[in-house]
Amino acid sequence: MENYVLNRPNFLGSEVGLVLKTITVPASASGAVTENGRKIVKAGSIFASPYAGLLFNDVDITDGDRIGSLMVRGSYIDAKLPVSAATQAEAFAKQGLYAIAEGAVVRPDFGTVEV
């Protein structure tokens with residue numbers, strides 16, 4: 001039995017108003033990390049082209065370009081992103097993608113699941 005680590009920050013502020021666009025994540029994407037010998041672009045990574053937004057799920061680009069989902073509208077928690085989107089916040093807000101601050105209740109990160 002293999003363990004798959006799903007320890008991912010929950011950066012989604014709310015599902016209300018969430019809009020995702022399908023994009024091609026290039027094998028040359030900057031900011032990719034290596035996990036278990038695979039080249040991964042992390043969920044929450046910032047993209048500016050062809051749409052501006054945040055990558056919704058991790059995408060494995062080890063074997064070349066892959067299809068991914070980009071969050072272009074909705075709300076996100078900047079503190080939970082792999083890299084802050086503060087410099088893009090104004091541009092994101094103009095298209096309906098808003099940074100929110102969490103209150104006293106803190107969401108747990110996702111854990112490890114045996115498959």
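In this text, all values refer to a predicted model and were calculated from it rather than measured experimentally.

Basis of the calculations
Along each chain, residues carry numbers from 1 onward, in the same order as the chain's sequence is written. At least 70 in pLDDT is required for a residue's local features to be given in this predicted model, at least 80 for side-chain atom pairs to be given and counted, and no such filter applies to totals for whole chains, interfaces and linings, which use all residues. Values reported for side chains reflect all heavy atoms of the structure, with hydrogen atoms and water molecules removed beforehand. Helix numbers and strand numbers start at the N terminus; a helix is a DSSP run of H or I with at least 4 residues, a strand a run of E with at least 2. Relative accessibility under 20% of the residue-type maximum defines a buried residue, over 50% an exposed one, and the middle range a partly exposed one, all with a 1.4 Å probe and only protein chains included. Using a 1.4 Å probe, accessible areas were evaluated by the Shrake-Rupley method; residue-level cover was limited to the displayed protein chains. Each Phe, Tyr or Trp ring (for Trp, its six-membered ring) is paired with any other whose centre lies within 6.5 Å, and the angle between the two planes then decides the class: stacked below 30 degrees, edge-to-face above 60, tilted in between. Polar contacts, as used here, are pairs of N or O atoms within 3.5 Å; protein pairs need one atom able to donate a hydrogen and one able to accept it. Residues neighboring in sequence count only if both atoms are side-chain atoms. Contacts are residue-level and defined by heavy atoms, with any inter-residue pair within 4.5 Å sufficient. What makes a salt bridge here is a side-chain nitrogen of Lys or Arg within 4 Å of a carboxyl oxygen of Asp or Glu, nothing more. Buriedness of a pocket was judged along seven lines, with at least five required to meet protein on both sides within 12 Å; pockets are open sets of points on a 1 Å grid over the protein atoms alone, cavities are sets where a 1.4 Å probe fits but cannot get out, and lining residues have an atom within 4 Å of a point. Grid points are joined across faces, edges and corners, and a volume is the space filled by probe spheres set on the points. Pairing between two strands is assigned when DSSP locates at least 2 bridges connecting them. As a per-residue quantity, pLDDT reports the predictor's confidence and falls between 0 and 100.

## With respect to the overall build of the protein chain
Tallying secondary structure elements over the protein chain gives one helix and 10 strands in all. Reading the secondary structure of the protein chain in the N-to-C direction produces β-β-β-β-β-β-β-β-α-β-β. Buried positions account for 30% of the 115 residues belonging to the protein chain. For the protein chain, the exposed area adds up to about 7,000 Å²; of that, 54% sits on carbon and sulfur atoms.

## Observations regarding the packing of aromatic side chains
Counting across every chain of the model gives one aromatic pair. With centroids separated by 6.1 Å and ring planes inclined at 90°, the aromatic side chains of tyrosine 76 and phenylalanine 92 adopt a geometry described as edge-to-face. Of this pair, tyrosine 76 sits in strand S8 (residues 66-77) while phenylalanine 92 sits in helix H1 (residues 89-94), and the two are 16 residues apart along the sequence. Of the two residues, tyrosine 76 and phenylalanine 92, neither departs from the other in class, the shared state being buried.

## Observations regarding the side chain of serine 45
Following the sequence through the fold, serine 45 ends up in the loop between strand S4 (38-41) and strand S5 (46-47). Of note is the side chain of serine 45, whose polar atom sits 2.7 Å from the backbone oxygen of lysine 42. Once you skip the residues sitting within four places of it in the chain, serine 45 turns out to touch Gly53, Leu54, Leu55 and Pro82.

## Quick look at the pattern of salt bridges
Evaluation of the coordinates by the stated rule reveals five salt bridges. A salt bridge links glutamate 35 to lysine 42; the shortest N-O distance between them is 2.6 Å. Judged by relative accessible area, which is 16%, lysine 42 ranks as buried. A salt bridge links glutamate 90 to lysine 94; the nearest nitrogen and oxygen atoms lie 4.0 Å apart. Linking glutamate 90 with lysine 94, this pair stays in helix H1, spanning four residues, or about one helical turn.

## Quick word on the layout of surface pockets
Computed from the structure, the second largest pocket encloses a volume of approximately 190 Å³. If you trace the second largest pocket, you find it lined by Ala29, Ser30, Gly31, Val33, Val41, Lys42, Gly44, Ser45, Ile46, Phe47, Pro82 and Val83.

## Side note on the sheet that holds strand S3 (residues 33-35)
The three strands lie next to each other as S3-S4-S7, forming an open sheet whose pairing is antiparallel. Each end of this open sheet is capped by a strand with a single partner; those strands are S3 and strand S7 (59-60). The sheet contact formed by S3 and S4 spans three bridges and is antiparallel. What sits directly across from glutamate 35, in S4, is arginine 38.

## Description of the confidence of the model for the protein chain
Parts of the model with low pLDDT should not have their predicted coordinates read in detail. In this model, the protein chain carries a mean pLDDT of 85, and residues with pLDDT of at least 70 account for 81%. When mean pLDDT is compared element by element in the protein chain, strand S6 (residues 53-55) scores highest at 96, while strand S1 (residues 3-5) scores lowest at 48.

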